[in-house]
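Chain by chain, the residues:
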Amino acid sequence: MFTALHFAIIAPFLAAILVPILYKLVSRIHTGWFVLLVPFLLFIYFIQFLPITSNNESVTAVFDWIPSLGISFAAYVDGLGLLFALLITGIGSLVVLYSIYYLSKEKESLNNFYVYLLMFMGAMLGVVLSDNLIVLYTFWEITSISSFLLISYWYEREKSRYGALKSMLITMLGGFAMLVGIVLLYQMTNTFSIQEIAASSSEILNHPLFLPAMLLILLGAFTKSAQFPFHIWLPDAMEAPTPVSAYLHSATMVKAGIYLVARLSPVFAFSGEWLWLVAGFGITTLFWGSFSAVRHTDLKAILAYSTVSQLGMILSMLGVGAAALHFDSIDNNLYIGATAAALFHLINHATFKGSLFMMVGIVDHETGTRDIRHLGGLMTVMPITFTIAVIGSFSMAGLPPFNGFLSKEMFFTAMLNITTFNLFSVDTIGIVFPIVAWIASIFTFIYSMIIVFKTFGGKLQLNKLPSKPHEAPFGMLISPLVLISLVIVFGFFPNILSYTVIAPAMASILPSVLANGEQFHVDIYFWHGWTLELFMTLGVVALGSLLYLSIRKWSGVYSLFPETLSFNKLYDQTLFTGERAASRITGLYMTGSIRHYLVYIFIFFTAILIATLFGKDALTLTTDNTAPVSVHELILAAMLIFSALTVMFASKRMTVLISLGVTGYTVALFFVIFRAPDLALTQLIIETVSVALFLLCFYHLPNITKDLKKVRFQTGNFIVSLAVGITITLIGISANGTRLFESISGFFPEASYDLAGGKNMVNVILVDFRGTDTLFEILVLGIAALGIFTMIKLRLAGRDRL
Amino acid sequence: MHMINILIAPILIPLLTGTILLLIPKKITAQRTISIIAGIVLIAVNIFLVLDVYQNGIRTLELGGWTPPFGIVLVGDMLALLLVTTTSVLSLPVLLYSFRSIGREREKFYYYSFYYFLITGVSGAFITGDIFNLFVFFEVMLIASYILIVHGGTKVQLRESFKYVLVNVISSALFVGAVAYLYAVTGTLNMAHLSERIGSLDETVPILTVIAVMFLIVFGLKGALFPLYFWLPGSYAAPPPAIAAIFGALLTKVGIYSLFRTYSLIFVNDTAFTHTLLGILAGITMIAGVIGAIAHQDVFKILVYNVIVAVGYVLFGVSVLNDSGFNGAIFYLIHDMIIKAALFLLVGTLVFVAGTSKLKKMGGIIKYYPALGWMFFVAVMSLVGVPPLSGFIGKLLLIQGGANAGDYWLVATMMISSLLVLYSMIRIFLNGFFGKPTLERPDQFSTAKGLLWPSALLIALSVLVGLGAELLYPLVDIAATTLLQPEIYIEAVLKE
Amino acid sequence: MIGVLVLIGALLSLISAIGVIRLPDVYTRLHASTKAATLGVMCILLALFLFFGLVDGYVSARILLAILFVFATAPVGGHLISRAAHNTGVSLWESSTQDDLRKKKTKKDLS
Amino acid sequence: MRPNDVVVQTATKVLVFIILVFSVFMFFNGHHNPGGGFIGGLMTSSAVVLLMLAFDLDTVKRILPIDYKILIAVGLLIAVLTAVGSFLFGVPFLSHTFGYFTLPILGEVELATALLFDLGVYLVVVAVTLTIIQTIGEDR
Amino acid sequence: MEIVMSIVAGVLFMAGTYLVLSKNMIRIIVGTSVISHGAHLLLLTMAGLKTGAPPLLGLEASNYTDPLPQALILTAIVISFGVTSFFLVLGYRAYKVTGTDDTDGLRGPDAHD
Amino acid sequence: MFHMLINISAAIIALSILITLYRVITGPSAPDRVVALDMIGINLISLAAVMSLILNTTAFLEVILLLAILAFIGTVGFSKFIEKGVVIERKRD
């Protein structure tokens, strides 16, 4: 059944088809206005699901795609899916609105842009609303492709193409791994449905394919979510237009990996490896992202690394939250909070990071640069933008009273709770988590400050700016303002989210923790008392401010890391050396010399056949059913051998030809000896005609110039050909010695005359029993003749392609 | 008209078309008209046959009325007919492309006849149920391919076809030798009968293994299996794109088909050895092919090496010897035939409009030829196996087949090679279609436009095969089942 | 009787073969091949004809035709080869005393 | 000095006639004795080749003004259509039939559709060989 | 006798292979011709060189040699004739156009761009 | 007795062909080889005839006649090539 829900998912694709038409027909109106309708209407449509999901219920609609393979387009809306769907359509609306002002309709090829964007939107909806893993994978790949196209939107720029390729290769690598993982899951459970797989998760826990499947799927999630060390594509993806960066590369697509981890937690989270991998990679990424962000001077690069870091943070919380499933004996509430924090921060991140990206876009748009070394003092020129920057950055830095503070506190709680994992005696490792988290938060604080104060504080350096800055047009400010107000609203009233969105989503991630009909209680509030978390935050602010002010003194730390060891360099080197090596390897054997190719082929031929022959002990030599040998036959055999050898070693073309003729005639004679008159006749005439042909062609060909008698060359050839001859002979002898069945030819003597009316069996076979052979054999002859005619008469000049 | 003879139609229609066209070499319009009509009729008949076999099971035709194994029998099982149908379906767009691109000179010199003779050979090779008759059809196909590759007689064509012909002549001789050995041991030529006889053996017969390996080499040479594919890159890059398209789409496939057929029907005496060997070679082929693709900066060469990669994928599916693997191999085979034809045509057009085949010298083509660029992009995605395009289903089933058989390393190899395929092809898109435009003005615009329709048809077909996989799947499944259970084939042919 | 005829033919062939090997130049070798071998083959064909005629009562026109053919073509063939040899300047054995064709040719060239 | 070809040419005139008669004999005899379309065809073409050797292409063309390329198609069509003829009788492709008829003068003869098929083979073989030789011979 | 013939076929394959591996066009073409001779003999041998009358019913013998392989060989011979003549002409056309009959001269820019 | 004679003859003829092959190999000139080839052709006729006797069959009579014809054609062809360098002339002046 194809339902409205399916239509909702497909709608952006359908709209994408209309975009180029609209772009051509209605060129006066910015195409974005039409496009805006799509996410907006979808947002409203999805809001309707809120009452359903907040009761922990779900909606499923199945449309059969390839049921024979267990692939059906099963649209499935539950808390988690809806959360993402709202995020996608909500932020999507804002981004499209923003893009209308950001991209000029005169200069840009908007048709392409919006097609890609809508494609992405549909794909993303498909990812989060599909229950079938194959369908999910389908949409997953489409997000990668649309991301590729959006990054390379300004395709004339070298850097755009570089970034696009990088993102595609890395995400596709993950995608392919994920596909294999999905198939492995299918091997274990015989279904592609996530719900059904989750239902049997306890059975597959000890399956030998469980761990490989998990690792492969995590690889998919990590590459998509730019987790360390696959994060390197994200900064380069910033070559995309800023609306794209805000939408794909911070708010939605990169969160597809997080979605996948969350979605598959019910399947995998029972194993300890899942917990440690997800949390471990998350925290590493958190640290590495925040640490790297500080060194950059391009605003977008800072935001990119910040995104990497925040994604790591969310993931680490999900990992910790999974502990609720892994340990069934401990107090679940300790860890459930982590999951809630993850989801909450996911939303918060979308709000503040989205607004920050848009803010950077505005700055870039108005000043013509994003380099903080050139920027500064914009506070007075662009007050609204400045406000957006301050609120967004402070929220990101985890300062009250914004929503970032709340989730940061919850994050610290989650990390501190890890230390109680002493159940399996890793408390020493567990302690690392809160420490790293805290250090990462300090860096987060620092780059947040950099964003605000290096851009808006200090002196205005008009001479370094490509264009004179103004406050942005109002239309461009709407979207960031909406987002930034959400930052404040969620900061003060976090609980408007907690029961409608977060709790149902948690139910999807941790279904087994809940008893039937039970719901999660998520209460988020500012004041917890003088907890360790609060002191940690105070420490962050104190130390962060100190470090921010003294940044010049310690930024030398970054130069301690040699550039050549970075993962970026590794990627570049891999491609470069890979291509070089491929070229070398190929150049090594693809010499263009047919002689070389033949040598390879013959060596393979003999080696593999001889190996099989001896390895399988197939060599049999018997004289049981062989025909008797007589003297003249032996002499003729010798004759044939000699004439063949003469052909082989003759150095004049006439000698070659004459001895070839002799060879052919002797073969004909063997046909006489072995009682094949028709063959003898045919062979004789054909040999003569062939010789005549050779003579004819000799007119056009030069005499054989003596091969440069390189002994090694000749010997090599000789050895190869000798091996070929021996192989043929040995197999022949063995095949002759192993006649397992009677030949079918006993049929022909009687049938020839009685059924086919001919006395010459060979001829009867040729024209009747196997007449088809003959029919197509004369076709071969005919083609050959016409081919020769064509080859000689038709002579086109030059190397033509068409 | 009696229905019994309908199975000869896929061979007879192109044969008669080609022959009749011989009589009117100078009348180009008439030649084109006849070719088109024949192409359409061929497709219709083939689809009819597929549906017929779907409903009534394998159809056989005992040529001359002689009961097998004494006469030659044509066997229309699902695999054969699916491939024959695909052949006819993709040959029509390529034909349309030829109208626009091949040039009057070539048309006057029997181009369409040779084209249809090639299809005759290919279709015959798919349908025949006799191993020696297979050789004959191989020769029909080959001799037609020889002349097509050299058709026009330019320098590069002559140079490359010399190598191509040489390798194939040798492999033909080895084919005869292999048939000779097989006949010595089994005393029969009919494939069903061979299968029955070999199947009746209780234990492995070493010499049969050797012969199986020899057939592997013979068909591997035609099918471009590692390390036997060296002849391919040069020769496929030499002729005009229409011819290259039909080569890339069909020629290696016949070799693959023959391996598929013989390695499921006949040589199942010692699968532990033969199929493992096939699997290993398939794995190396995937990697070696893609290494070649990455090594080159010439768009034609990149594409040509990708032909080799696909050979590895399909044969990997053959080697696992299970249901999913076979399904995957058939799906992928059909997909690859379509998409390779499309890609060759697109790349041919690209080279035409760019005026060069060197990647480094082109750029920004998409600015003037957006349709060409986007079709190419979709084709690449399909090639790589991005869902929901046609390449995906095959790849999915191949992964399943590999997993079922426990050949995880081969699965991994396939995925890595897929990624590299993506890299090799997307470079063309990024550097050729994207990038700074190098064209001063698109002066060939009007000419090139008509070249796009055939590729569009093929791409649409690829999308259809992907999205409509459910329609195709039952057919493919029947084909795979027939391959897995030789009894069905034997029963249908020998009627015992 | 027939057997003997065959043997004679075979021996004649052998003699001519030895002749082809031993004789010094192309022209003399032609003697061996066109005369002795032709005679030999005709002996054998005659034997064959007699064999089938006497033993089976089968008169084969083909054998007679073959004999006729060999008889007719051998001299023409020999003529062609020797002329080709002479015209391409294959020298005579140094003991040869007379070369009329050369004289004729040179005379013609002079005039 | 221009070579004198009288000897060869005279011999050829006789021999070609013999060979042609022989080749037709071989062709018709093929179903029962060695011979048939291939051999008959090849012999006919070798007779023509002998003519070409002894005389020259243009002379032979004058004697036999045939477009061999068309002949290839005609031969193929004869063979194929013989095979297709089976359709009319509802028997498999390429089914042959034969019968014994009493004709005036010749007495009882066997007539087989196989002979018609073989005629196609014969024509193709002749045409192919001569196309090839003529084309190469003309190429300068 | 089958063993002897197997060896003969092997020698023909060897000679053919050796010729094919040389650089000269004529030798290569001749080589393919020799290889096909080998293949045909092999087919004849593998069918069994059983004694018996030639497969002509007119001879009214009690047993005949296997006619099937003979028919196959005949087909193969004719096909290889067609192919060889094509190859031969291809060879000389290639020589005329590329100006070399040395396969090393036919390399072309195959390896590197 | 008869069979022994025939078999011996067969061996002798085969031997003479082998001997003649020596001339093909050594040459020295092309006409020498053609002479040898012609000779081999003629000996092949003998051998085919003897084989007919050994096998007691009329099946090879065509072969004999054909060999006679073809040996001639071969000789004509070769000598023409040696003499003129061209086998088939386009037009004789």
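Residues numbered from 1 in each chain as written. Chains lettered and ligands numbered in written order. Predicted model: local features only at pLDDT ≥ 70, side-chain atom pairs only at ≥ 80, totals over all residues. Heavy atoms only, no water.

Take the overall build of chain D next. Scanning chain D from terminus to terminus reveals 5 helices and 2 strands. Mapped in sequence order, the helices and strands of chain D form the string α-α-α-α-β-β-α. Against the 2.2 N^0.38 benchmark of 14 Å for 140 residues, chain D shows a C-alpha radius of gyration of 18 Å, more extended than a compact globule. Evaluated residue by residue, chain D yields a buried proportion of 63% over its 140 residues. Long-range contacts, defined as pairs at least 24 residues apart, comprise 61% of the intrachain contacts of chain D with a sequence gap of at least 6. Of the accessible surface of chain D, which amounts to about 5,400 Å², a share of 71% is contributed by carbon and sulfur atoms. Taking the average place of the 6 positive charges on the side chains of chain D and the average place of its 9 negative ones, the gap between the two points comes to 13 Å. (Helix = DSSP H or I, 4+ residues; strand = E, 2+ residues; numbered from the N terminus. Rg over C-alpha atoms; globule rule 2.2 N^0.38 Å. Buried < 20%, exposed > 50% of the residue type's maximum accessible area, 1.4 Å probe, protein only. Contact = heavy atoms within 4.5 Å. Areas by Shrake-Rupley, 256 points an atom, 1.4 Å probe, with all protein chains shown as cover. Lys, Arg positive; Asp, Glu negative; His and termini not counted. Charge placed at Lys NZ, Arg CZ, Asp CG, Glu CD.)

Let us look at helix α7 (residues 155–186) of chain B. Residue and element names in this part refer to chain B. The terminal C-alpha atoms of α7, which comprises 32 residues, lie 46 Å apart, in line with the 46 Å expected from a rise of 1.5 Å per residue. Burial analysis of α7 places 31 of its 32 residues in the buried class, the great majority of the element. Of the residues flanking the end of α7, it is G187, one or two places downstream, whose phi is positive at about 70°. (Expected span 1.5 Å × (residues − 1).)

Inspection of every chain in the model, using the stated rule, returns 93 aromatic pairs over all chains. Both rings, one in F453 of chain A and one in Y548 of chain A, keep their centres 6.4 Å apart while their planes meet at 45°; by these two values the pair is tilted. Taken together, the positions of F453 of chain A in helix α21 (residues 432–456) and Y548 of chain A in helix α24 (residues 532–549) put the pair 95 residues apart, joining distant regions of the chain. Accessibility expressed as a relative area gives 34% for F453 of chain A, which makes it partly exposed. What makes Y548 of chain A buried here is its relative accessible area of 16%. Centre to centre, the rings of Y164 of chain B and W231 of chain B are 5.5 Å apart; their planes meet at 50°, and the pair counts as tilted. (Phe/Tyr/Trp six-rings, centres within 6.5 Å; stacked < 30°, edge-to-face > 60°.)

Bringing the nonpolar core into the picture now. Ranked by size, the top nonpolar core spans 742 residues in total, and within it F46 of chain A, M381 of chain B together with F93 of chain D carry the most contacts. Among the elements that take part in this core, helix α14 (residues 323–354) of chain B stands out by supplying 22 residues, more than any other. Ignoring anything within four residues of it in the chain, the contact list for F46 of chain A reads L5, A8, L82, A85, L86, T89, L125 and L129 of chain A. (Core = buried A, V, L, I, M, F, W, Y, C linked by side-chain atoms within 4.5 Å.)

Take the interface of chain B and chain A next. Chain B puts 128 residues into the contact, and the matching count from chain A is 101 residues. Summed over both partners, the interface of chain B with chain A buries about 10,200 Å², with 77% contributed by carbon and sulfur atoms. Linking chain B with chain A are 4 salt bridges, by the criterion used here. One salt bridge in this structure joins K616 of chain A and D270 of chain B, with 2.8 Å as the shortest N-O distance. For the pair chain B and chain A, the number of links is 19 residue pairs in polar contact (both at pLDDT 80 or more). The element contributing the most residues to the side of chain B that touches chain A is helix α17 (residues 408–433) of chain B, with 12 residues. Counted by class, the side of chain B that touches chain A contains 92 nonpolar, 25 polar and 11 charged residues. (Buried area = accessible area lost by both parts, 1.4 Å probe. Salt bridge = Lys/Arg side-chain N within 4 Å of Asp/Glu carboxyl O. Polar contact = N/O pair within 3.5 Å; in protein donor to acceptor, adjacent residues only side chain to side chain. Nonpolar A, V, L, I, M, F, W, Y, C, P; charged D, E, K, R; others polar.)

Mapped onto the present numbering, the UniProt feature "domain: NADH:quinone oxidoreductase/Mrp antiporter transmembrane" (unreviewed entry) falls on residues 130–420 of chain B. As annotated, residues 130–420 of chain B comprises 81% helix and 0% strand, and the C-alpha atoms at either end are separated by 39 Å. (UniProt positions renumbered as here; feature names shortened; annotations may be inferred.)

Residues and elements named next belong to chain D. If you check UniProt for "transmembrane region" (unreviewed entry), the listed places come out as residues 12–31, 37–58, 70–91 and 111–133 in our numbering. Between the C-alpha atoms that bound residues 37–58 there is a distance of 27 Å. The span itself is 91% helix and 0% strand. For residues 111–133, the end-to-end C-alpha separation is 34 Å, with 91% helix and 9% strand making up the annotated structure.

With that settled, the discussion passes to helix α6 (residues 131–150) of chain B. Residue and element names in this part refer to chain B. Taking 1.5 Å per residue as the helical rise, α6 with its 20 residues ought to reach 28 Å, and the 29 Å between its terminal C-alpha atoms agrees with that figure. Taken across its 20 residues, α6 has 20 buried, putting it largely inside the fold. At the N-terminal boundary of α6, the capping side chain belongs to D130, with an oxygen 3.0 Å from the backbone nitrogen of F132. With its phi angle positive at about 115°, G152 sits one or two positions after the end of α6.

Should the pLDDT be low somewhere, the predicted coordinates at that spot are not to be read in detail. The predicted model of chain B has a mean per-residue pLDDT of 90, with 97% of residues at 70 or higher. Per-element confidence in chain B is highest for helix α5 (residues 111–127) of chain B, whose mean pLDDT is 95, and lowest for helix α18 (residues 445–449) of chain B, whose mean pLDDT is 61. (pLDDT = per-residue confidence, 0-100.)

Moving on, we come to the confidence of the model for chain D. All names here are of chain D. Model confidence for chain D is summarised by a mean pLDDT of 83, while 90% of its residues fall at 70 or above. Taken element by element, the predicted model of chain D shows its lowest mean pLDDT in strand β2 (residues 107–112) (67) and its highest in helix α4 (residues 68–84) (91). In the predicted assembly, ipTM is 0.94 and pTM is 0.93.

Moving on: the environment of L465 of chain A. Residue and element names in this part refer to chain A. Tracing the chain through its elements places L465 in the loop between α21 and α22 (474–492). The exposure class assigned to L465 is buried, which follows from its relative accessible area of 9%. In sequence terms L465 and I788 are 323 residues apart; their C-alpha atoms lie 72 Å from each other. Apart from the residues lying within four places of it in its own chain, the contact partners of L465 are T367, T369, H374, L375 and L460.

If you walk through the whole model with that rule in mind, you get 30 salt bridges over all chains. One salt bridge in this structure joins E107 of chain B and R32 of chain B, with 2.9 Å as the shortest N-O distance. With a gap of 75 residues between them, E107 of chain B in helix α4 (residues 104–108) and R32 of chain B in helix α2 (residues 28–56) connect regions that are remote in the sequence. Classification of E107 of chain B as buried rests on a relative accessible area of 1%. Overall, R32 of chain B belongs to the partly exposed group, its relative accessible area being 26%. Between E160 of chain B and K163 of chain B there is a salt bridge, with the nearest N and O atoms lying 3.5 Å from each other. Within this pair, E160 of chain B and its partner K163 of chain B are both found in helix α7, separated by 3 residues, close to a single helical turn. For K163 of chain B, a relative accessible area of 3% corresponds to the buried category. One network of salt bridges, with partners in common, ties together D298, D364 and R370 of chain A.

Moving on, we get to the environment of K468 of chain A. By the element assignment, K468 of chain A lies in the loop between α21 and α22. What K468 of chain A contacts, discounting residues up to four positions off in sequence, is E366 and L462 of chain A.

Ranking the 11 pairs of chains in contact by contact count places chains A and B at the top. Regarding chain A and chain C, which are not in contact, the minimum distance between any of their C-alpha atoms is 12 Å.

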